[in-house]
Amino acid sequence: MSSENSSADDVRQVWDVVVVGAGPAGASAAYAAAVAGRRVLLLEKAELPRYKTCGGGIIGPSRDSLPPGFDLPLRDRVHAVTFTHNGRFARTRRSRHTLFGLVNRPEFDQALVEHAQKAGAELRTGVTVQRVEQHGSAVPDRRCVALVLQGGETVLARAVVGADGSASRIGAHVGVKLGQVDLGLEAEIPVPETVAEDWKGRVLIDWGPMPGSYGWVFPKGDTLTVGVISARGEGAATKRYLEEFIGRLGLAGFEPSISSGHLTRCRADDSPLSRGRVLVCGDAAGLLEPWTREGISFALRSGRLAGEWAVRVAEAHDAVDTRRQALNYAFAVKAGLGVEMSVGKRLLTVFERRPGLFHAVLTGFRPAWKAFMDITRGTTTLAEIVRTHPMAHRALSALDRRQAPAGEQPTS
């Protein structure tokens, strides 16, 4: 941007990039745009730090997407996983090396935001965006986007990144379409030292009673994060599953410090990722892994991409160039995260019908456990395993054929 344009922008208070939402996706986008030397504003409706319903598992792809020099505020390192099938058939698998780390989201998110601020991004909290305008009286020229805040203030930007969560106003402006919605319920349960010691370094994953459901226990020092997830529309059954799950674990006598719920939303395959000078990422774009509903790595990776491409959108001088940069962003997301989501969707379809098979394979078939370890460590992905391992490809294709409705051919 020329110095002449910068001077005009200063007078009119036009930011190069405004990011809405200060979770992992938004903080990553703000960092990526700020380190490129752009004027970046990060807006967050809550006061930080704030609680977020999330297991807080940091797998390899998440770790590898963190800013240089970022010090992970880990509460535990996981070396063992106990698998159960609706509370039965317990089997613990162990690893000599750390599988993944566990964080408290308030601490993790706050640290990401601080990194973005150190890179030059400005933070404003307690700010709610009411609507987005790309045309009309609030927009001084075609290279601007206007964000109208609660209270009437207008913020102008050359590019906007929507990272405002699964109920995103920016996502609604872009026209994000959803293909899968799930309900997650979670309890943060403080426990005595003797109980905490029993869980140290070990998580539990329980394949649940409803199709596609599962539960988890993640230890974080003197607190256990216990949660379950299943398809939306099964609210009463999901709540009952959590209560029974906590009871089976012998934790019913401990009072949760926090009990919360959250809807996770996966994008439909044809859902847009941009509109004009506005990009969406993370939960706002419906980007998460459909089977496990893991979203932190998707947030970090898509946020970084959104920040990088928002810089290019901000520099675009006409609608044609803006569209070209937005399409390049969409291609980058779909070529990586989109492929992983496609494989995850296929796995979820099979898992919904045959959770016992998944349990038997993961606990009794060493190559499957090795694949689990490699994925959590970040040395490979679900998509890479299916693409490069003939046995995995054949097995998933065979299961696809068994699940496909009559007359319908699954994609390979």
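That block above? That's the structure.
An account of the accompanying structure is given in this report. Residue numbering note: each chain is counted from 1, following its sequence as written. Local features in a predicted model are, by the rule used here, given only for residues with pLDDT of at least 70; side-chain atom pairs are given and counted only at 80 or more, and totals for whole chains, interfaces and linings are based on all residues. Only hydrogens and water are set aside; all other atoms, that is, all heavy atoms of the structure, feed into the side-chain values.

### Concerning the pairing of strand 1 (residues 14-20)
Buried residues dominate strand 1, accounting for 7 of its 7 residues. Two strands are said to pair when DSSP picks up at least two bridges between them. Labels follow the DSSP assignment, with helices taken as runs of H or I lasting at least four residues and strands as runs of E lasting at least two, numbered in each case from the N terminus. Bridge count for strand 1 against strand 11 (residues 154-162) is 6 bridges, and the pairing is parallel. Its bridge partner being in strand 11, Val-14 is matched across the sheet by Leu-156. Across 4 bridges, the pairing between strand 1 and strand 2 (residues 40-44) is parallel. Paired with Val-17 across the two strands is Val-40, which belongs to strand 2. The handedness of a crossover follows from its direction of travel: if, with the strands pointing away from the viewer, the path from the first strand over the helix to the second runs clockwise, the crossover is right-handed. Where the polypeptide runs from strand 1 across helix 2 (residues 24-35) and back to strand 2, its parallel neighbour, the crossover connection is right-handed. Exposure is judged per residue with a 1.4 Å probe applied to protein chains only, and the accessible area is read against the type maximum: over 50% gives exposed, under 20% gives buried, and values in between give partly exposed.

### Brief notes about the pattern of salt bridges
What makes a salt bridge here is a side-chain nitrogen of Lys or Arg within 4 Å of a carboxyl oxygen of Asp or Glu, nothing more. Under the defined criterion, the tally for this structure stands at 18 salt bridges. Between Arg-50 and Asp-109 there is a salt bridge, with its nearest N and O atoms 2.8 Å apart. Here Asp-109 lies in helix 4 (residues 105-118) and Arg-50 lies in the loop between strand 2 and strand 3 (57-58), a separation of 59 residues in the sequence. A salt bridge links Arg-131 to Glu-133, with the shortest nitrogen-to-oxygen separation between them at 2.7 Å.

### A closer look at the nonpolar core
Put simply, buried Ala, Val, Leu, Ile, Met, Phe, Trp, Tyr and Cys residues joined by side-chain atoms within 4.5 Å make one nonpolar core. In terms of nonpolar packing, the biggest core is built from 69 residues, with Phe-108, Leu-147 and Tyr-329 touching the most fellow members. Ranked by the residues each element gives to this core, the list is headed by helix 8 (residues 296-315), at 11 residues. Every residue pair with non-hydrogen atoms within 4.5 Å of one another is taken to be in contact. With near-sequence residues (within four places) excluded, Phe-108 lies in contact with Pro-24, Ile-58, Leu-66, Phe-70, Leu-72, Pro-73, Val-103, Ile-296 and Leu-300. Listed in part, the 28 residues of the second largest apolar core include Leu-102, Tyr-214, Val-350 and Phe-372.

### Details of the state of the cysteines
Any pair of cysteine sulfurs within 2.5 Å is marked as a disulfide. Scanning the model with the defined rule gives 0 disulfides in all. The thiol of Cys-266 is not disulfide-bonded; the next cysteine sulfur, from Cys-54, is found 14 Å away.

### Let's talk about the packing of helix 8 against helix 9 (residues 319-353)
Close contact between helix 8 and helix 9 brings their axes to 9 Å; oriented N to C, the two are set at 165°. Considering the angle they form, helix 8 stands roughly antiparallel to helix 9. In this structure, helix 8 meets helix 9 at a crossing whose hand is right-handed. The residues of helix 9 that touch helix 8, namely those facing Phe-298, Arg-301, Ser-302, Leu-305, Ala-306, Trp-309, Arg-312 and Val-313, are Thr-322, Gln-325, Ala-326, Asn-328, Tyr-329, Ala-332, Val-333, Leu-337, Glu-340 and Met-341. Axis definition: a line fitted to C-alpha atoms, over the contacting stretch in the case of helices. Angles run 0 to 180 degrees between N-to-C directions. Roughly parallel refers to an angle under 35 degrees, roughly antiparallel to one over 145, roughly perpendicular to one between 65 and 115, and oblique to any angle outside these ranges. Crossings are assigned a handedness: left-handed for a near helix turned anticlockwise from the far helix by less than a right angle, right-handed for a clockwise turn.

### Observations regarding the side chain of Ser-65
Its place among the elements puts Ser-65 in the loop between helix 3 (60-64) and strand 4 (74-78). With near-sequence residues (within four places) excluded, Ser-65 lies in contact with Leu-300, Arg-301 and Arg-304.

### Topic: the side chain of Glu-340
Looking at the element boundaries, Glu-340 is found in helix 9. For Glu-340, a relative accessible area of 13% corresponds to the buried category. Apart from residues lying up to four places away in sequence, Glu-340 is in contact with Phe-298, Arg-301, Thr-381 and Ala-383.

### What about the packing of aromatic side chains?
Only centres within 6.5 Å qualify two rings of Phe, Tyr or Trp (six-membered ring in Trp) as a pair; their planes then separate them into stacked at under 30 degrees, edge-to-face at over 60, and tilted for everything else. By the definition in use, this model includes 14 aromatic pairs. With a centroid separation of 5.6 Å and 50° between ring planes, the pair formed by Tyr-214 and Trp-216 is classed as tilted. Side by side, Tyr-214 and Trp-216 carry an identical accessibility label, which is buried. Through pairs of rings, three or more aromatic residues link up here, namely Phe-83, Trp-207, Tyr-214, Trp-216, Trp-291, Phe-351, Phe-358, Trp-369 and Phe-372.

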